Amino acid sequence: MLAFVLLASRAGQPISTETLTHAAAKAAPVLPFLPEVSLCWANRSGTITVLAWQALTENASIGSHWHVDREGGLTLFSGHCWPRDTGWDAEPSESWAEQLARWLDRHSALDAHEELFGFYTLVRLDPDGAGSVTTDLLGAGQLFTGDSSRWTAISNRAGWPRRPPMTSIPIPSETRWQWDGSRFGDRRWETTPAIGTRLGRRSTAR
């Protein structure tokens, strides 16, 4: 089991320790499980942060829902996902998250739903914070977002984007965001029936 919230600065300023402490304190009462391990990950500039909590990772030999590589990049998933053709190792020496990270080294995270089976949300960020947040093809792994004047929040828990002074917005099925890791700035939405919703500059792509 995994719950997470991603905070991304809208003005390019580092997210303060006070903000992270406040966010973690507000998240704790709405966790649907008793966490066994927690994570606080930030990109090099401190403008993107991921707070996460997990439990019961011995189930199905998951091991961990997140992996931080040697360079400091983050791979994180909620739910269950595995390659349609091969699955993960039956007796893994690596966690599912580690195996997923290696798999994503060879595959695009934005197109992962074409080859990954299961119901999930997926976060893939490099050390600078560039990367993406995606769901499975049917959007069974739900995502929610909210904004303040200072940051954008993305979470797999509906209540968390409302805990700061934000509006919580459910996101359509098969959702994908992509950004360069520096800042969100003014948000615009790009939507097509085949792609879902992406965070970035508005385009007329068909």
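Whatever comes next refers back to the structure up there.
Values in this document were obtained by computation on a predicted structure and should not be read as measured data. (Residues numbered from 1 in each chain as written. Predicted model: local features only at pLDDT ≥ 70, side-chain atom pairs only at ≥ 80, totals over all residues. Heavy atoms only, no water.)

A. Geometry of the nonpolar core. In terms of nonpolar packing, the biggest core is built from 17 residues, with Leu6 and Leu76 touching the most fellow members. Elements represented by at least two residues in this core include exactly β1 (2–9), β2 (37–42), β3 (48–54), β5 (74–83) and β6 (116–125). Among the elements that make up this core, the one with the highest residue count is β1 (4 residues). (Core = buried A, V, L, I, M, F, W, Y, C linked by side-chain atoms within 4.5 Å. Buried < 20%, exposed > 50% of the residue type's maximum accessible area, 1.4 Å probe, protein only. Helix = DSSP H or I, 4+ residues; strand = E, 2+ residues; numbered from the N terminus.)

B. The layout of surface pockets, seen in detail. Estimated volume of the second largest pocket: approximately 160 Å³. Lining the second largest pocket are 15 residues, with Asp69, Thr75, Ala101, Asp105 and Arg124 sitting closest to its centre. Sorting the residues of the lining of the second largest pocket by element identifies β5, α2 (96–104) and β6 as the ones contributing at least two each. Here the lining of the second largest pocket is built from residues that sort into 5 nonpolar, 3 polar and 7 charged. (1 Å grid on protein atoms, 1.4 Å probe; cavity = no way out; pocket = protein on both sides within 12 Å on 5 of 7 lines; lining within 4 Å. Points joined across faces, edges and corners; volume = space filled by probe spheres on them. Nonpolar A, V, L, I, M, F, W, Y, C, P; charged D, E, K, R; others polar.)

C. Main features of unusual backbone geometry. Despite not being glycine, Leu56 has its phi angle at roughly 55°, a positive value. Unusually for a residue other than glycine, Ser61 sits at a positive phi of about 60°. When you line up the elements, Ser61 lands in the loop between β3 and β4 (66–68). For Ser61, a relative accessible area of 37% puts it in the partly exposed group.

D. Expanded view of the side chain of Thr19. Examined against the element boundaries, Thr19 turns out to sit in helix α1 (residues 17–27). By relative accessible area, Thr19 is classed as buried at 10%. Not counting residues up to four positions away in its chain, the partners in contact with Thr19 are Leu7, Arg150 and Trp151. (Contact = heavy atoms within 4.5 Å.)

E. Geometry of the pairing of strand β7 (residues 131–135). Among the 5 residues in β7, 5 count as buried, and that is most of the element. Burial of β7 is two-sided: the residues Gly131, Val133 and Thr135 facing one way and the residues Ser132 and Thr134 facing the other way are all buried. Here β6 pairs with β7 via 5 bridges, running antiparallel. Counted as the bridge partner of Val123 is Val133 from β7. In textbook terms, the turn of a hairpin is the stretch between consecutive antiparallel strands, and for β6 and β7 this stretch comprises 5 residues, one of which, Gly129, has a positive phi near 95°. (Pairing = 2+ DSSP bridges.)

F. Quick look at α2. Of all 9 residues in α2, 7 are buried, a share of seventy percent or more. For α2, the complete set of buried residues consists of Trp96, Ala97, Gln99, Leu100, Ala101, Trp103 and Leu104. Buried residues in α2 make contact with β4, β5 and β6.

G. Molecular detail of the packing of aromatic side chains. Applying the stated criterion to the full structure yields 3 aromatic pairs. Judged by centre distance (6.3 Å) and plane angle (20°), the ring pair of Phe77 and Trp96 falls under stacked. On the criterion of sequence distance, the pair formed by Phe77 in strand β5 and Trp96 in helix α2 is long-range, its members being 19 residues apart. Comparing Phe77 with Trp96 shows no difference in burial state: the two are buried. Note on Trp82 and Phe117: the rings are 5.4 Å apart at their centroids and 50° apart in plane angle, and the pair reads as tilted. On the criterion of sequence distance, the pair formed by Trp82 in strand β5 and Phe117 in strand β6 is long-range, its members being 35 residues apart. Judged by relative accessible area, which is 44%, Phe117 ranks as partly exposed. (Phe/Tyr/Trp six-rings, centres within 6.5 Å; stacked < 30°, edge-to-face > 60°.)

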